[in-house]
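Coordinate analysis (summary)
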Amino acid sequence: METGFSLPTMPSLLVDKKSPFIHRDLSWLQFNDRVLAEARLTTNPILERTKFLAITASNLDEFFMIRFSSLNRSIQQARRHDPKLLKSLTRIRMNLIEAVTQFGRRQTETLDLLAAGLQSHKIFLIRRSKPDDPTHTVGRNIFKEQILPSLTSPEIFSTAQISTLENLQMGVLGDANTWFRIPRSLPLVYFSKQSNGELFVFFLDDLLITHLAEAFSQKSPPGILRMTRDADFSLDLAYEDTESVPDVVKSNLRVRDKGRPVRLQWTGNISMPTLQRSAQYFKFEPGQISEVLKTLCMHGLWGLYHQIPENQSTKNLRFPPLKPFLPRPFRNTEGIFEKLRQNDYLFHHPYDSFDGFVSWIKYACDDPKVETIEQTVYRVDTLSLVVDALKKAAKKKRIRVMIELRARFDELNNLKLADELRQAGVEVGFGFGKLKLHAKVALVTRRESDGLRFYTHLSTGNYNALTARQYTDLAIVTSNQEIGADARHFFDSVWNGKVPSNFRLLVSAPLRLHKKLLSLIDAETEAAKAGRKARIVAKVNALVDEAVIAQLYKASQAGVQVDLIVRGACSLIPGVKGLSENIRVVSIVDRFLEHSRIYYFGDSKALYFSSADWMPRNFFSRLELAFPVLDPILYQYVEDIIIPAYLLDTVKARELTPQGIWKKRNSSSIRPEDKFASSPLKTRKALSAQAIFQEIAEQGYKGTVLSRKE
């Protein structure tokens, strides 16, 4: 899409200087910067800030393993076939490396800030101590007792040995040209609780640099290298041989640890000639080998967050414990199906307890009238009560579970789960072909006096009790029979290796969702041209599909008010006169990871929740579902409370400027139509959306339309 508009966005962010799209990877790095900002924010409790810093480090690892690796592959292809594209992609890679370099400096500064803040709580990040430091002996004992026994004897070093490092593995280069790899099984962070209540925290690489020379009788401290490899592998699963699917996935997982090197980090005593030879050996561009000034184990700070249990920490260390709400019908599930015949129920996690879904499924497993239970699995907690209930129920009724074995970084968990379920008598199916099974749906079929009836649970998030306490998601339980019939059709189709289509109410990818969204955007555009009030609100994790963005630009030019709540990467440029002046983009990074997806079209009176982001992979490479909110009470709650809360947030929200920069929101960006339409929130001004949702749930939804469901 080329345009004659003068784009104020910084050229370094754009996909192409002539196209009004921010490059998705550069936008994603901006998202990681927003996460880092939470680590620097002194109004957040210190352990929460530490957690945010750990998240940025893990995020950056995944960025190199997936996105940077994908870009490198595209560059290799363009080098052979498309010189013009090669120039563009090389420019993007250079901009990415520069952005990552600057980000690394901010991470280092943040670690220093956190170290100072932790000290006031008697938590000390011990770095490379000197022999006369009292912490030195503590660190030496940890090294000798917990690390040294796992180390192998040093070998003679050659540059080629660096290539033996697996993904995210460290290697130690000592003096006298010696070398050995560090087992990945070793913890990244070690703790020592002192008698006076102080907690000493040591990073693995610091302990190696501080104590290894003495242990191996070397003259100088070593250097440490850490390898990152291409961990993105696509795998087509032929449906014809479902029995072999787990073995195929398992064998391909080995590729991840042996993928093409994409980054080499180092700290400590590494000579410049060694770094230069390594760059030549791996054919790295400048920036793919980088010095880490603090620690290679920053992502290990997750260990510190979990080291202090929630019930032992003070309110000064963590956010106050959440008190999730459980709708009354799900507290005592006796008669739950009769209640579901009368009402749909909304769950807004984590403010509403995931126990509601667990209780419902467990009751269905025990109910003799229930004949079949079917459920999708993408990521599930390893100690799932739902899984236990399904395994027991398989002895007396039909249980069918569709598992996506290719859920990135959860493949081994899902392989194990598939085996456990099969042994218990559960029917297990998988995604097929290129299509990852990403839809979140559970279906209960029950025989009642008037025949078989369907009860359907549809969600934007995974059936995972752990992430349901950490991610914001929306789910609906409904007895709508058309939705139930669609869910049954979905399960039957996927079970038989067919792409589901021809739904009555559900909208699925890859066949229909993209077209449906373009159609709904076009309908709002036509409504605006006809002089009617038209509005689009979308909340997604990522917005990078250029066809959808182009359609949104057209809607803006026609006068449609477009509000986009995008957690991560956003390629759309808002607020450009004549192009997107009626579009706002906000992003919220807060205590809980924003994960729910909402599609709202005002003139069409259409409201959907979905498992799908607005990305090509969701539209064309995944089995996804968008499900309508049909209950008028639930519809009103989303329209009156959920959407306004996000658009009124001036505490945690940041807004994307036409220049491509994310800035903290203030009251000047609030529109009159953003206000809450109903009590108890219509008088609120500055607020945090997540704080509002938590407050409403803790008050049992009193004063909102959802109180009628009680």
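In case you missed it, the structure is sitting above this.
Let me sum up the structure you'll find in this document. (Residues numbered from 1 in each chain as written. Predicted model: local features only at pLDDT ≥ 70, side-chain atom pairs only at ≥ 80, totals over all residues. Heavy atoms only, no water.)

Once that is clear, we can look at the overall build of the protein. The helix and strand inventory of the protein stands at 18 helices and 27 strands. Here the C-alpha atoms of the protein give a radius of gyration of 27 Å, agreeing with the 27 Å that 2.2 N^0.38 yields for 710 residues. Projecting the C-alpha coordinates of the protein onto the three principal axes gives extents of approximately 80 × 65 × 55 Å. For the protein, the proportion of contacts with a sequence separation of at least 24, taken over those separated by at least 6, is 74%. For the protein, the accessible surface area stands at approximately 29,300 Å², while carbon and sulfur atoms represent 50% of it. Taken together, the 99 basic and 78 acidic charged side chains of the protein have centroids lying 2 Å from each other. (Helix = DSSP H or I, 4+ residues; strand = E, 2+ residues; numbered from the N terminus. Rg over C-alpha atoms; globule rule 2.2 N^0.38 Å. Contact = heavy atoms within 4.5 Å. Areas by Shrake-Rupley, 256 points an atom, 1.4 Å probe, with all protein chains shown as cover. Lys, Arg positive; Asp, Glu negative; His and termini not counted. Charge placed at Lys NZ, Arg CZ, Asp CG, Glu CD.)

Generally speaking, a soluble globular protein has its nonpolar side chains buried in company with each other. By size, the foremost hydrophobic cluster in this structure holds 117 residues, and its most contacted members are Leu208, Leu543, Leu552, Leu564, Leu572, Tyr599 and Trp614. Among the elements that make up this core, the one with the highest residue count is helix α2 (residues 46-81) (13 residues). What Trp614 contacts, discounting residues up to four positions off in sequence, is Leu517, Ala538, Val540, Ala542, Leu543, Val544, Asp545, Val548, Leu552, Tyr599 and Phe619. Listed in part, the 58 residues of the second largest apolar core include Leu346, Phe490, Leu648 and Ile692. (Core = buried A, V, L, I, M, F, W, Y, C linked by side-chain atoms within 4.5 Å. Buried < 20%, exposed > 50% of the residue type's maximum accessible area, 1.4 Å probe, protein only.)

Turning next to the side chain of Thr704. As for its position among the elements, Thr704 is in the segment after α18 (689-698). Of the polar contacts made by the side chain of Thr704, one reaches the backbone oxygen of Tyr701; its length is 2.8 Å. (Polar contact = N/O pair within 3.5 Å; in protein donor to acceptor, adjacent residues only side chain to side chain.)

What follows is about unusual backbone geometry. Of note, the bond from His349 into Pro350 is cis; its omega dihedral lies within 30 degrees of zero at 5 degrees. With respect to the element layout, Pro350 can be found in the loop between β10 (345-349) and α10 (355-366). Of note, the amide linkage connecting Ala509 to Pro510 takes the cis form, showing an omega dihedral of 15 degrees. Tracing the backbone shows Pro510 in the loop between β18 (507-509) and α14 (513-529).

Let us look at the packing of aromatic side chains. Applying the stated rule across the entire model yields 28 aromatic pairs. When the centroid spacing of 5.8 Å and the interplanar angle of 70 degrees are considered together, the rings of Tyr637 and Tyr701 count as edge-to-face. Taken together, the residues Tyr637 in helix α17 (residues 632-648) and Tyr701 in the segment after α18 connect sequence positions 64 residues apart. Accessibility classification places Tyr637 together with Tyr701 in one group, the buried group. Feature note: the residues Trp28, Phe31, Phe63, Phe64 and Phe68 constitute an aromatic cluster, connected by ring pairs. Taking the ring centre of Phe52 as reference, the NZ or CZ of Lys51 above it sits at 5.1 Å. Positioned above the aromatic ring of Tyr378, the side-chain terminus of Lys440 is 5.1 Å from the ring centre. (Phe/Tyr/Trp six-rings, centres within 6.5 Å; stacked < 30°, edge-to-face > 60°. Lys NZ or Arg CZ within 6 Å of the ring centre and 35° of its normal.)

Across the sheet, 3 strands lie side by side as β1-β6-β5; this open sheet has mixed pairing. Strand pairing shows two members of the sheet lacking a second neighbour, β1 (123-126) and β5 (189-193), which therefore form its edges. Averaged over all pairs of adjacent strands, the angle between their axes in this sheet comes to 25 degrees, without regard to strand direction. Across 4 bridges, the pairing between β1 and strand β6 (residues 199-203) is parallel. Residue pairing across strands places Ile123 opposite Leu199, the latter belonging to β6. Its contacts with the sheet place helix α5 (residues 204-215) against β1, β5 and β6, and it is angled at close to 80 degrees to β6. (Pairing = 2+ DSSP bridges. Axes fitted to C-alpha atoms, helices over the stretch in contact; angles between N-to-C directions.)

Turning to the pattern of salt bridges, a few remarks are in order. Under the criterion given, the structure shown has 40 salt bridges. When the shortest N-O distance is used, the salt bridge between Lys51 and Glu48 registers 3.1 Å. Separated by 3 residues within a single helix, Lys51 and Glu48 lie in helix α2, roughly one turn from each other. Put simply, Glu285 and Arg93 hold a salt bridge, and the shortest N to O gap is 3.6 Å. Residue Glu285 is found in the loop between α7 (272-282) and β9 (289-291), and its partner Arg93 is found in helix α3 (residues 83-119); the two are separated by 192 residues along the sequence. Here the salt bridges do not stand alone but share partners, grouping Arg341, Asp367, Arg446, Glu448, Asp450 and Arg453 into one network. (Salt bridge = Lys/Arg side-chain N within 4 Å of Asp/Glu carboxyl O.)

Because an α-helix packs 3.6 residues into every turn, residues spaced three or four apart end up facing the same way. When the terminal C-alpha atoms of helix α4 (residues 134-147) are compared, their 20 Å separation across 14 residues agrees well with the 20 Å that a helix rising 1.5 Å per residue should span. Of the surrounding elements, those touching the buried residues of α4 are β1, β5, β6 and α5. One side-chain oxygen of the residue at the start of α4 lies 2.9 Å from the amide nitrogen of Thr135, identifying that residue as Asp133. (Expected span 1.5 Å × (residues − 1).)

The next thing to look at is the packing of α14 against helix α15 (residues 546-557). Where α14 contacts α15, the two axes come as close as 9 Å, and the packing angle between them is 10 degrees. Our classification of the angle between α14 and α15 gives roughly parallel. Facing His514, Leu518, Ile521, Asp522 and Thr525 of α14, the residues of α15 in contact are Ala547, Val548, Gln551, Leu552, Lys554 and Ala555. The class makeup of the residues in the contact of α14 with α15 is 6 nonpolar, 3 polar and 2 charged. (Parallel < 35°, antiparallel > 145°, perpendicular 65-115°, else oblique. Nonpolar A, V, L, I, M, F, W, Y, C, P; charged D, E, K, R; others polar.)

Moving on: the sheet that holds strand β8 (residues 261-268). An order of β2-β4-β3-β7-β8-β9 is seen for the 6 strands of this open sheet, with the pairing classed as mixed. Looking at which strands have only one partner, the edges of the open sheet turn out to be β2 (155-156) and β9. The sheet contact formed by β8 and β9 spans 3 bridges and is parallel. Each bridged residue has a counterpart across the sheet, and for Gln265 the counterpart in β9 is Ser290. Contacting β7 (223-229) and β8, α2 runs over the sheet at an angle of about 140 degrees to β8. Each of β3 (170-174), β4 (178-181), β7 and β8 is contacted by α5, which is oriented at about 20 degrees to β3, the strand it contacts most.

Right, let's get into the environment of Asp112. Note on placement: Asp112 falls in helix α3. Its relative accessible area of 38% is what places Asp112 among the partly exposed residues. Between the C-alpha atoms of Asp112 and Lys294, which are 182 residues apart in sequence, the distance is 9.1 Å.

It is the contact of helix α1 (residues 24-40) with α2, at a shortest axis distance of 7 Å, that shows an interaxial angle of 165 degrees. Considered as vectors, α1 and α2 are oriented roughly antiparallel to each other. Both α1 and α2 take part in a crossing whose hand is left-handed. Along the contact surface, α1 presents Arg24, Asp25, Trp28, Leu29, Phe31, Asn32, Val35, Leu36, Glu38, Ala39 and Arg40, while α2 presents Arg49, Phe52, Leu53, Ile55, Thr56, Asn59, Leu60, Phe63 and Arg67. Its residues assigned to classes, the contact of α1 with α2 shows 11 nonpolar, 3 polar and 6 charged. (Left-handed = near helix turned anticlockwise from the far one by under 90°.)

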